[in-house]
2 protein chains.
Amino acid sequence: MIDDLHTLRSFVAVVDCGSVVAAARHRGYSTAAVSRQLGRLQRRLGVRLFEPAGRGIRATDEGRRLADEARQLITQVRIFEDAASAIAREATATLPAPKALSASDGSLLVTARTPSQ
Amino acid sequence: MIDDLHTLRSFVAVVDCGSVVAAARHRGYSTAAVSRQLGRLQRRLGVRLFEPAGRGIRATDEGRRLADEARQLITQVRIFEDAASAIAREATATLPAPKALSASDGSLLVTARTPSQ
DNA sequence: GATATTTACGGCCCACGTAAATATC
DNA sequence: GATATTTACGTGGGCCGTAAATATC
């Protein structure tokens, strides 16, 4: 079960950049972090995504195919986020202002529990 | 930036079930966990997703709209996972057997670093 | 009092960064 | 020796579950 979108973004970045170091710089991670992300993803999917090539790595055919699927998924994420942003702007009166976001842990689902119905 | 699919699944579950307790049971979480997930999601999106209704809660119009978007996103996740499974089965010879998965932390990207090219 | 959501508290796991090791050029 | 990936190690943040608090019926 896929749950981590960061890893998926890094995966696509590595395929696009052609190297872990370049992808890590792009994403603001250390190279070690991205290397581990790839390893975890690879194990979870059970697919060999990269193979060594000279000093670096190169995506396998399967890796490139899955990267295409991952891009579509990321596109859908973007669509969701855009929809959320649009709704947030449109209903900016409903949540007047995030104010302080005082609660450190709380959910603040209901700020003022209005009577009912 | 959305990164947590667990929360999105819980969000849809709450909208579908109509209550936090039912959704939590479905997803195998405590009610407190799901309540916090909703609160975090709501803050991150800047959208009021639920409002109190009697003893429980009820999705707002915006919440229902975003739940629809979330369902599409989750569908795309399913598509990605299915593609990965298909590729994993198809190329089951490339990764002969997960064997022991001995490494506790390592990425195992390259099990045997073959010469080059 | 029963049901439902939220908050407080404590703890654990996971993923990260730094640094060292390994490998190719 | 320089570049690139991986591994070892320690640490901090995030998320969870339990339990208590709050609110509605």
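Treat the numbers as computed from the prediction; the structure is a model and nothing was measured.

Colleague: Got a sec to walk through the UniProt feature "domain: HTH lysR-type" (unreviewed entry) in chain A? Specific residues and values, please.
Modeller: Per the UniProt record, "domain: HTH lysR-type" (unreviewed entry) is annotated on residues 3–60 of chain A. The span residues 3–60 of chain A carries 62% helix and 14% strand; its end-to-end C-alpha distance comes to 23 Å.

Colleague: So what about the pattern of salt bridges? Which residues, and what values?
Modeller: For side chains bearing opposite charge, pairing can occur when the charged atoms are close. Residues and elements named next belong to chain B. Applying the stated criterion across every chain, the model contains 12 salt bridges over all chains. Between R44 and D3 there is a salt bridge, and its shortest N-O distance comes to 4.0 Å. Within this pair, whereas R44 is found in helix α3 (residues 31–45), its partner D3 is found in the segment before α1 (5–17), the two being separated by 41 residues in sequence. With a relative accessible area of 53%, R44 lands in the exposed category.

Colleague: Go over the pairing of strand β2 (residues 56–59) of chain A with me, naming the residues and quoting the values.
Modeller: Residues and elements named next belong to chain A. As defined by bridge partners, strand β1 (residues 50–53) adjoins β2 across 4 bridges and the pair is classed as antiparallel. Across the sheet, the residue bridging to F50 is A59, located in β2. Connecting the antiparallel pair β1 and β2 is a turn made up of 2 residues, with G54 showing a positive phi of about 60°.

Colleague: Describe the packing of helix α4 (residues 61–90) of chain A against helix α4 (residues 61–90) of chain B, with residues and values.
Modeller: Relative to each other, α4 of chain A and α4 of chain B sit at 175°, their axes nearing to 10 Å. In terms of orientation, α4 of chain A lies roughly antiparallel with respect to α4 of chain B. Residues of the contact of α4 of chain A with α4 of chain B, tallied by class, amount to 18 nonpolar, 4 polar and 8 charged.

Colleague: Now, about the environment of E81 of chain A: what can you tell me, with residues and values included?
Modeller: Residue placement: E81 of chain A occurs in helix α4. A residue is classified by how much of its surface remains accessible, and E81 of chain A, at 16% relative accessible area, is buried. Beyond its immediate stretch of four places on either side in the chain, E81 of chain A contacts R9 of chain A together with M1 and I2 of chain B.

Colleague: Tell me what's going on with the packing of helix α1 (residues 5–17) of chain A against helix α2 (residues 20–27) of chain A, and back it up with residues and numbers.
Modeller: Residue and element names in this part refer to chain A. Interhelical geometry of α1 versus α2 gives an angle of 130° and a closest axis separation of 8 Å. With respect to α2, the element α1 is oriented oblique. The way α1 lies across α2 gives a crossing that is right-handed. Contacts from H6, R9, S10, A13, V14 and C17 of α1 reach α2 at V20, A22, A23, H26 and R27. Among the residues forming the contact of α1 with α2, the class breakdown is 6 nonpolar, 3 polar and 2 charged.

About the criteria used
Residues numbered from 1 in each chain as written. Chains lettered and ligands numbered in written order. Predicted model: local features only at pLDDT ≥ 70, side-chain atom pairs only at ≥ 80, totals over all residues. Heavy atoms only, no water. UniProt positions renumbered as here; feature names shortened; annotations may be inferred. Helix = DSSP H or I, 4+ residues; strand = E, 2+ residues; numbered from the N terminus. Salt bridge = Lys/Arg side-chain N within 4 Å of Asp/Glu carboxyl O. Buried < 20%, exposed > 50% of the residue type's maximum accessible area, 1.4 Å probe, protein only. Pairing = 2+ DSSP bridges. Axes fitted to C-alpha atoms, helices over the stretch in contact; angles between N-to-C directions. Parallel < 35°, antiparallel > 145°, perpendicular 65-115°, else oblique. Nonpolar A, V, L, I, M, F, W, Y, C, P; charged D, E, K, R; others polar. Contact = heavy atoms within 4.5 Å. Left-handed = near helix turned anticlockwise from the far one by under 90°.

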